[in-house]
Amino acid sequence: WIYLYYSPVGKEAVQRLSRFLFIGDSLDRKSEKIVLTVATQREECCHSAGSVEFGPDRLLYISAGDNTSPRATGYGPIDESPGRSAWDAQKSASNTNDLRGKILRIKPEDDGTYSIPQGNLFTDLSKGRPEIYVMGVRNPFRISVDSKNGFLYWGDVGPDAGKDSVGFG
């Protein structure tokens, strides 16, 4: 099997983690099994891509950007104005019931489903999604799990200010 995290062509605003058969040197597109779907918005740009990586414990880590445009203020993407959800990461990275702005950790099962390993952030489903391992990230565009010790590393993108400013971090 090969796992891919991708944006499907079309109008459906989602990212998908899918499992495919890889036979010889070819991906069997008809074998797709959708494992996980992450809702996105596509009206405005930015930070909706991700990365996948298996750890030495055979758990699958999936990073997902906060799907928030950084062009609102030049600083942290927080804009509570009406109609400005695409510029407000509170909908995603800060939201415990949203999979964006997170690093997820799941245990893929042979039937194409997944289970939740011990050690993720939320065991109480009323508090947050059980897939969440790390939250509050902006654009974890590349992840890596150390094959010897299992440490998770990721590259992220911070605020967009081009210079220091009094009153802003």
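Everything below is about the structure shown above.
Residues numbered from 1 in each chain as written. Predicted model: local features only at pLDDT ≥ 70, side-chain atom pairs only at ≥ 80, totals over all residues. Heavy atoms only, no water.

### A look at the sheet that holds strand β3 (residues 26-39)
Part 1: One open sheet accounts for 3 strands, arranged β1-β2-β3; its pairing is antiparallel. Bordering the open sheet on either side are β1 (2-6) and β3, each of which pairs with just one other strand. Ignoring strand direction, the axes of neighbouring strands in this sheet form an average angle of 25°.
Part 2: Summarising the sheet, β1 and strand β2 (residues 14-23) pair through 5 bridges and their orientation is antiparallel. Bridging across to β2, Tyr-5 finds its partner in Leu-17. (Pairing = 2+ DSSP bridges. Helix = DSSP H or I, 4+ residues; strand = E, 2+ residues; numbered from the N terminus. Axes fitted to C-alpha atoms, helices over the stretch in contact; angles between N-to-C directions.)

### Some words on the pattern of salt bridges
Part 1: Here the structure, examined in full by the defined rule, presents 6 salt bridges.
Part 2: Here Arg-84 makes a salt bridge to Asp-79, at a shortest N to O gap of 2.9 Å.
Part 3: Residue class for Arg-84 comes out partly exposed when judged on its relative accessible area of 24%. (Salt bridge = Lys/Arg side-chain N within 4 Å of Asp/Glu carboxyl O. Buried < 20%, exposed > 50% of the residue type's maximum accessible area, 1.4 Å probe, protein only.)

### Topic: the nonpolar core
One broad rule of soluble globular proteins: the nonpolar side chains tend to lie buried together.
Part 1: One finds Tyr-5, Leu-17, Leu-60, Ile-62, Leu-99, Leu-104 and Ile-106 to be the most contacted residues of the largest nonpolar core, which totals 14 residues.
Part 2: For this core, the secondary-structure elements that each account for two or more residues are β1, β3, β5 (60-64) and β6 (102-108).
Part 3: Discounting chain neighbours no more than four positions away, the residues touching Leu-60 are Tyr-3, Leu-17, Val-52, Glu-53, Phe-54, Leu-104, Arg-105, Ile-106 and Pro-108.
Part 4: The next biggest cluster of nonpolar side chains, apart from the first, holds 8 residues, and it includes Leu-59, Val-134, Val-145 and Leu-152. (Core = buried A, V, L, I, M, F, W, Y, C linked by side-chain atoms within 4.5 Å. Contact = heavy atoms within 4.5 Å.)

### Points about the packing of aromatic side chains
Part 1: Counted by the stated rule, this structure contains 2 aromatic pairs.
Part 2: Ring geometry for Tyr-3 and Phe-54: centres 5.5 Å apart, planes at 70°, overall edge-to-face. Taken together, the residues Tyr-3 in strand β1 and Phe-54 in strand β4 (residues 50-54) connect sequence positions 51 residues apart.
Part 3: For Phe-54, a relative accessible area of 38% gives the class partly exposed.
Part 4: Geometrically, the ring pair formed by Tyr-61 and Tyr-133 is edge-to-face, given 5.7 Å between the ring centres and 75° between the ring planes. Placement of the pair is Tyr-61 in strand β5 and Tyr-133 in strand β8 (residues 132-135), with a sequence separation of 72 residues.
Part 5: Note on Tyr-133: relative accessible area 25%, which makes it partly exposed.
Part 6: Here the basic side chain of Arg-19 rests over the ring of Trp-1, its NZ or CZ set 3.9 Å away from the ring centre.
Part 7: Looking at Arg-84, its charged tip hangs above the ring of Trp-87, at a distance of 3.8 Å from the centre. (Phe/Tyr/Trp six-rings, centres within 6.5 Å; stacked < 30°, edge-to-face > 60°. Lys NZ or Arg CZ within 6 Å of the ring centre and 35° of its normal.)

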